[in-house]
Structure formats: C-alpha cells, structure tokens
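Here is what each chain is made of, one letter per residue.
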Amino acid sequence: MWGAAFLASVATAAVAQGYKPYQPYKPYSPPAPAQPKTSYDWQSGNRITATPNQDGSTSIRGSNMNTGAMWRSTIEANGDQRGVDSRGNMWRYNESTGSYMSSDGTTCIGKGALRTCN
C-alpha cells in the first residue's frame, strides 16, 4: 500500500494548492433589510424617516407635528426623485437633466446658476 511519507507529501501538496476539505451545504439567506433612520428637527417640528429599499432606492416620509403637514418621496439609486408634497401635489425630478415638474404647474429646467423655473 501507500507509505506514510507518500501520504503526508500528498496532503502537504493539497494544502499548498488551496485544497479545502468538504464543507457542508449552507442554504442562501438574504441579508437583513436595512433599518429605517429617523431624524427630528425640534426647531421646525419636522420628522423625517428614510427607509432603504431592496432595489437601491430610498423611501422618505416626512411630517411636521406643528402644522400637521405630511409628505413622501422616493430617491432612486441613480438620483431621480418623485413624491407628493405637503399640499398633495405630485412631483418628479430627473437628476441627469435637472428637470423638475409638479402637478401644481411648476417646472424647472437646468442645474445650478443656469436653473430656470416658471
């Protein structure tokens, strides 16, 4: 049969080549969802809760305890945004062009000093 020295050299060579002994199968378990983060500004009364979503976007919910106003928005992974403001107006923002449109008729085009709104 095989000599002890030969078996030891085979084992040493296998370890040197990165051989790993059989590992039992571990079923996939998805990562735990990220927890929402809430912040509160006592001067304005605004409370904001940001919740990361599985698709890379972030859902924002806001409220103001002093005025009763509420709003919500979603920030996509690419920077585009959409939401409903505290007056119930739906709005959308495109990060790449800087365009903003709201159901109240407000539109803005451009970014920075070149930005124009009606």
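The shown structure was predicted, so the numbers you read here are calculated from the model rather than taken from an experiment.

Rules and cut-offs
- Residues numbered from 1 in each chain as written.
- Predicted model: local features only at pLDDT ≥ 70, side-chain atom pairs only at ≥ 80, totals over all residues.
- Heavy atoms only, no water.
- Helix = DSSP H or I, 4+ residues; strand = E, 2+ residues; numbered from the N terminus.
- Buried < 20%, exposed > 50% of the residue type's maximum accessible area, 1.4 Å probe, protein only.
- Contact = heavy atoms within 4.5 Å.
- Pairing = 2+ DSSP bridges.
- Polar contact = N/O pair within 3.5 Å; in protein donor to acceptor, adjacent residues only side chain to side chain.
- Disulfide = S-S within 2.5 Å.
- Salt bridge = Lys/Arg side-chain N within 4 Å of Asp/Glu carboxyl O.

A few words now on the overall build of the protein chain. Within the protein chain, the secondary structure is distributed over 1 helix and 9 strands. When the helices and strands of the protein chain are placed in sequence order, the string is α-β-β-β-β-β-β-β-β-β. Here the protein chain holds 118 residues, and 17% of them are scored as buried. Sequence-distant contacts, at least 24 apart, represent 1% of the contacts inside the protein chain between residues at least 6 apart.

Moving on to the sheet that holds strand β9 (residues 116-117). Taken in spatial order, the 9 strands of this open sheet run β1-β2-β3-β4-β5-β6-β7-β8-β9, and their pairing is antiparallel. Whereas interior strands pair on both sides, the edge strands pair on one side only; in this sheet they are β1 (37-41) and β9. Where strand β6 (residues 90-93) meets strand β7 (residues 100-102), 3 bridges bridge the pair, whose relative direction is antiparallel. Bridge assignment links Trp-91 to a residue of β7, and that residue is Ser-102.

This part is about the environment of Ser-102. Mapped onto the elements, Ser-102 comes out in strand β7. Exposure remark for Ser-102: the relative accessible area of 11% places this residue in the buried category. Setting aside residues no more than four positions away along its own chain, Ser-102 makes contact with Asn-89, Met-90 and Trp-91. A polar side-chain atom of Ser-102 sits 3.0 Å from a polar atom in the side chain of Asp-104.

Moving on, we get to the pairing of β6. Here β6 shows a buried face lined by Trp-91 and Tyr-93 and an unburied face lined by Met-90 and Arg-92. Pairing geometry for strand β5 (residues 81-84) and β6, over 4 bridges, is antiparallel. The residue of β6 that forms the bridge with Arg-82 is Arg-92. Hairpin remark: β5 followed by β6, antiparallel, with 5 residues in the connecting loop; positive phi at Gly-88, about 90°. Counted between consecutive antiparallel strands, the loop separating β6 from β7 contains 6 residues, among which Gly-98 sits at a positive phi close to 80°.

On to the state of the cysteines, then. Considering all chains together, one arrives at 1 disulfide under this definition. Covalently, Cys-108 is tied to Cys-117 through a disulfide, its sulfur atoms 2.0 Å apart. Judged by the sign of its S-S torsion, about 115°, the cystine formed by Cys-108 and Cys-117 is right-handed.

With respect to the element layout, Tyr-100 can be found in strand β7. Taking the C-alpha atoms as reference points, Tyr-100 and Gln-81, separated by 19 residues in sequence, lie 9.3 Å from one another. Filtering out sequence-adjacent residues up to four positions away, Tyr-100 remains in contact with Trp-91, Arg-92, Tyr-93, Thr-106, Thr-107, Cys-108 and Arg-115.

Overall, the coordinates contain 2 salt bridges when judged by the stated rule. We note a salt bridge from Arg-82 to Glu-76, for which the minimum N-O separation is 2.3 Å. Arg-82 gets classed as partly exposed once you look at its relative accessible area, which sits at 32%. Residue classification places Glu-76 among the partly exposed positions, given a relative accessible area of 25%. The residue Lys-111 makes a salt bridge to Glu-95 at a minimum N-O spacing of 3.3 Å. Separated by 16 residues along the polypeptide, Lys-111 in the loop between β8 (107-109) and β9 and Glu-95 in the loop between β6 and β7 bring together distant segments of the chain. Here Lys-111 falls in the partly exposed class, since its relative accessible area comes to 39%.

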